[in-house]
Amino acid sequence: MHRYTVWKERVISSAHNLRNYKGRCEKLHGHNWRVRVSVSGNHLDEAGMLIDFADLGRVMEEVCGRLDHIYFNETAPFDDMNPSAENIARHIFEEVDARLKDERYGVSEVKVWESDGCCAIYKACSEGG
């Protein structure tokens, strides 16, 4: 079976410090996080598109806009959850996926880079995977 995937990126600038971590990252520090949201589905609309990039951008702005220029550790859910790149990726995945309004597609993967060489990925898995 073939599947279509489109993605859109944006950058957010925010600070955090890691809890239960021994090292430099336990201290307050910031990143220009690069966020890529991938959306996948099997069927295109009448215009030959899976999702309009503008629509995906609006949803990403709703979710990522709340995370831009904040201190993660004081912002729900990261006031309780450790604001690791992995947890940030999962949070964005769940929030964007919940806002998508078309049954033809859903979020398949979110990648969050905290620097050019470091990326965390949260992705949809097939059942049992």
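Undergrad: Please explain the nonpolar core as it appears in this structure.
TA: If you look at soluble globular proteins, the nonpolar side chains tend to sit buried side by side. Judged by nonpolar contacts, the single largest core of 29 residues is most densely connected at Val37, Val39, Ile92 and Val110. Elements supplying a minimum of two residues to this core: strand E1 (4-16), strand E2 (29-41), helix H1 (53-65), helix H2 (85-99) and strand E3 (105-115). The biggest single contributor to this core is H2, with 6 residues. Those residues in contact with valine 39 that lie beyond four places of it in its chain are Tyr4, Thr5, Val6, Leu50, Ile51, Leu56, Leu100, Tyr105, Gly106, Val107 and Ser108.

Undergrad: Just checking my understanding: could you explain the sheet that holds E1 for this structure?
TA: Sheet architecture is open: 4 strands sit in the order E1-E2-E3-E4, paired in antiparallel fashion. The outermost strands of the open sheet, each flanked by one partner alone, are E1 and strand E4 (118-123). Across this sheet, the average inter-strand angle for adjacent strands is 20 degrees, counted without regard to direction. As paired strands, E3 and E4 are joined by 6 bridges and run antiparallel to one another. The residue of E4 that forms the bridge with valine 112 is alanine 120. Sitting on the sheet, H1 is in contact with E1 and E2, with an inclination near 25 degrees to E1. Across the sheet, H2 touches E2, E3 and E4, and the angle it forms with E3 is around 150 degrees.

Undergrad: When you look at unusual backbone geometry in this model, what are you seeing that I'm missing?
TA: Note: most peptide bonds trans; most residues except glycine with negative phi. Between alanine 76 and the following residue, proline 77, the backbone shows a cis peptide bond with an omega angle of 0 degrees. Relative to the helices and strands, proline 77 resides in the loop between H1 and H2. One non-glycine residue, asparagine 20, lies in positive phi territory at about 55 degrees. Mapped onto the elements, asparagine 20 comes out in the loop between E1 and E2. For asparagine 20, a relative accessible area of 84% translates into the label exposed. In this structure, histidine 69 takes a positive phi of about 55 degrees despite not being glycine. Within the fold, histidine 69 resides in the loop between H1 and H2.

Quick notes on the rules
- Residues numbered from 1 in each chain as written.
- Predicted model: local features only at pLDDT ≥ 70, side-chain atom pairs only at ≥ 80, totals over all residues.
- Heavy atoms only, no water.
- Core = buried A, V, L, I, M, F, W, Y, C linked by side-chain atoms within 4.5 Å.
- Buried < 20%, exposed > 50% of the residue type's maximum accessible area, 1.4 Å probe, protein only.
- Helix = DSSP H or I, 4+ residues; strand = E, 2+ residues; numbered from the N terminus.
- Contact = heavy atoms within 4.5 Å.
- Pairing = 2+ DSSP bridges.
- Axes fitted to C-alpha atoms, helices over the stretch in contact; angles between N-to-C directions.

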